[in-house]
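Descriptive structure summary
Each chain, letter by letter, is given below.
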Amino acid sequence: MGRRLILDTNVLIAYERGKIDRAAFDDDELAVAAVTIAEYRVGIELADTAARAADRARALAAIVSSVDVLEYTEATAAHHARLIAHVRRSGTPRGAHDLIIAAHASETGRTVITSDAQARFGDLPSVLAAQP
């Protein structure tokens with residue numbers, strides 16, 4: 001078995017657009033946070049054409065069929081609260097959804113795969129991050 005990973009929304013978008021080597025994750029245990037699905041679905045809702053919305057919906061269905069979708073639980077909430085407290089104490093605001101993804105990573109011992117350098121997942125305590 002390969003790495004335990006949680007994919008950020010930008011990785012799902014790169015997958016949809018064919019800009020990511022899908023085989024690079026063949027041996028890995030993949031997951032996404034439920035909030036990542038919501039973020040991706042916003043792109044479906046805001047698609048400029050019905051065809052593009054359908055393409056995105058098909059891509060999402062393919063992704064969801066091959067990864068674990070992590071629900072927000074009481075344990076996730078505890079990790080999330082610690083991360084919120086950390087960023088407030090440090091004075092470095094973060095995106096609300098990014099902190100939920102980071103909480104899932106911390107809770108499950110997964111590495112966040114992201115191309116969003118501004119999210120700075122790796123700067124958070126108990127969170128590992130890598131680029132795709």
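Heads up: these notes are all about the structure in this document.

What counts as what
Residues numbered from 1 in each chain as written. Predicted model: local features only at pLDDT ≥ 70, side-chain atom pairs only at ≥ 80, totals over all residues. Heavy atoms only, no water. Helix = DSSP H or I, 4+ residues; strand = E, 2+ residues; numbered from the N terminus. Expected span 1.5 Å × (residues − 1). Contact = heavy atoms within 4.5 Å. Polar contact = N/O pair within 3.5 Å; in protein donor to acceptor, adjacent residues only side chain to side chain. Salt bridge = Lys/Arg side-chain N within 4 Å of Asp/Glu carboxyl O. Buried < 20%, exposed > 50% of the residue type's maximum accessible area, 1.4 Å probe, protein only. Axes fitted to C-alpha atoms, helices over the stretch in contact; angles between N-to-C directions. Parallel < 35°, antiparallel > 145°, perpendicular 65-115°, else oblique. Left-handed = near helix turned anticlockwise from the far one by under 90°. Nonpolar A, V, L, I, M, F, W, Y, C, P; charged D, E, K, R; others polar.

With that settled, consider helix H4 (residues 74–90). With 17 residues, H4 extends 24 Å from end C-alpha to end C-alpha; this agrees with the ideal 24 Å at 1.5 Å per step. On its buried face, H4 is in contact with helix H5 (96–108). In this structure Thr73 caps H4, since a side-chain oxygen of it lies 3.3 Å from the backbone nitrogen of Ala75. Note on H4: the residue one or two positions beyond its end, Gly91, has a positive phi of about 70°.

Scanning the model with the defined rule gives 7 salt bridges in all. Glu29 is the salt-bridge partner of Arg4, the closest N and O atoms lying 3.2 Å from each other. Here Glu29 lies in strand S2 (residues 29–33) and Arg4 lies in strand S1 (residues 4–7), a separation of 25 residues in the sequence. The partly exposed category is assigned to Arg4, whose relative accessible area is 32%. Owing to a relative accessible area of 22%, Glu29 belongs among the partly exposed residues under this scheme. Across the pair Asp55 and Arg58 runs a salt bridge whose closest N-O atoms are separated by 2.3 Å. Here Asp55 and its partner Arg58 are both found in helix H3 (residues 50–64), 3 residues apart, which amounts to about one turn of the helix. A relative accessible area of 43% places Asp55 in the partly exposed class.

Once that is clear, we can look at the packing of H4 against H5. It is the contact of H4 with H5, at a shortest axis distance of 8 Å, that shows an interaxial angle of 125°. It follows from the interaxial angle that H4 and H5 lie oblique. With respect to the hand of their crossing, H4 and H5 are arranged in right-handed fashion. Residue-level inspection shows Ala75, Thr76, His79, His80, Leu83, Ile84 and Val87 of H4 in contact with H5, the latter providing Ala96, Leu99, Ile100, Ala102, Ala103, His104, Ser106 and Glu107. A per-class count over the contact of H4 with H5 returns 9 nonpolar, 5 polar and 1 charged.

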